[in-house]
Amino acid sequence: MIGLLTSRNTYVAQTSRPLVVEDLDEYADSPSLVPDRFVSISTKFANVHPLQGKPLSDILPRYPNEEIIGSASDLVQYLIRKRQQEIFRSGGVHWSERIDGIRCSFESKEDANLFVICIRHHALVFVRKEDVIGYTHGFEYQGATELLYWLTRLFQEKSYDTNRDRVILMGEIQFKREAYAMLQPFFKHVWVEDLNPLTVFEMS
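Cut-offs applied
- Residues numbered from 1 in each chain as written.
- Predicted model: local features only at pLDDT ≥ 70, side-chain atom pairs only at ≥ 80, totals over all residues.
- Heavy atoms only, no water.
- Buried < 20%, exposed > 50% of the residue type's maximum accessible area, 1.4 Å probe, protein only.
- Helix = DSSP H or I, 4+ residues; strand = E, 2+ residues; numbered from the N terminus.
- Pairing = 2+ DSSP bridges.
- Salt bridge = Lys/Arg side-chain N within 4 Å of Asp/Glu carboxyl O.
- Expected span 1.5 Å × (residues − 1).
- Arc of directions from axis to C-beta.
- Contact = heavy atoms within 4.5 Å.
- Axes fitted to C-alpha atoms, helices over the stretch in contact; angles between N-to-C directions.

Details of the pairing of strand β1 (residues 2–5)
If a strand is regular, its side chains alternate between the two faces of the sheet. Residues Ile2 and Leu4 of β1 are buried on one face, and the alternating residues Gly3 and Leu5, pointing to the opposite face, are buried as well. Examined bridge by bridge, β1 and strand β2 (residues 10–14) share 4 bridges and lie antiparallel to one another. Its bridge partner being in β2, Leu4 is matched across the sheet by Tyr11. Where β1 hands over to β2, the hairpin turn is made up of 4 residues, counted between the paired strands. Pairing between β1 and strand β4 (residues 38–40): 3 bridges, direction parallel. Within the sheet, the bridge partner assigned to Leu5 lies in β4 and is Ser40.

What follows is the structure, encoded as structure tokens:
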């Protein structure tokens, strides 16, 4: 079990297989079951690469109730809500800091592997090619159609090959099945990996 902070809500994720995500409010009568470790899956973050002399985090919209947090290695910055500061600082980690531990048996060694982790209407996306992370992002979606739009756009912008490069779906089972059926006609290599990506947070 591990906590999840999104830009709007706090969830508890059962990290057994399959992945089960529940609203933290459901544990109001059982506070001892609430985990003391939390993962931020906020979509409002950026790898720190200067753009026009500024870090990307300075360009992202930031509201008065949000705070910028930096990773231990200072390679990633992201935003969390100020009311979540205390719970996050006591045992928090941003999902992007654990990408190296997320692996898949369907990965290609030569071609780009586009990982899509679906959790509560958030798509956590990163690309690994030849063991190097080339892209990391997160966004909110409302369904498989919107996810298809984002991935098609990403393939176009980054010049990935829909006939060669791989899309690997992980996360919540029900949505993966729906997404697979929709993505498969557009991308030649679509794989569903039922290994739970959140287990990497418990091991680290």
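Let us keep going from here.
Some remarks on the pattern of salt bridges
The tally for this structure, following the rule as stated, stands at 7 salt bridges. Residue Arg153 is joined to Glu157 by a salt bridge in which the shortest nitrogen-to-oxygen separation is 3.0 Å. A residue pair is termed a helical-turn pair when its members lie 3 or 4 positions apart in one helix, as Arg153 and Glu157 do in helix α3 (residues 144–158) at 4 residues. Glu157 sits in the exposed class, given a relative accessible area of 55%. Between Arg164 and Asp161 there is a salt bridge, with its nearest N and O atoms 3.4 Å apart. Judged by its relative accessible area of 37%, Arg164 falls in the partly exposed class. Taking relative accessible area as the criterion, Asp161 reaches 25% and is therefore assigned partly exposed.

With respect to α3
The end-to-end C-alpha separation of α3 is 21 Å, in line with the 21 Å expected for 15 residues at 1.5 Å each. Of the residues making up α3, those classed as buried are Ala144, Leu147, Leu148, Leu151, Leu154 and Phe155. Axial view of α3: buried residues confined to an arc of 130°, hence all on one face. Within α3, the exposed residues directed more than 90 degrees away from the buried face are Thr145, Gln156 and Glu157. On its buried face, α3 sits against β9 (113–119), β10 (122–129), β11 (132–140), β12 (166–171) and α4 (173–183). Of the residues one or two after α3, Ser159 is the one with positive phi, at around 60°.

Examining the sheet that holds strand β8 (residues 92–94)
An order of β3-β2-β1-β4-β8 is seen for the 5 strands of this open sheet, with the pairing classed as mixed. Strand pairing shows two members of the sheet lacking a second neighbour, β3 (20–23) and β8, which therefore form its edges. Each neighbouring strand pair of the sheet contributes to a mean axis angle of 30°, computed without reference to strand direction.

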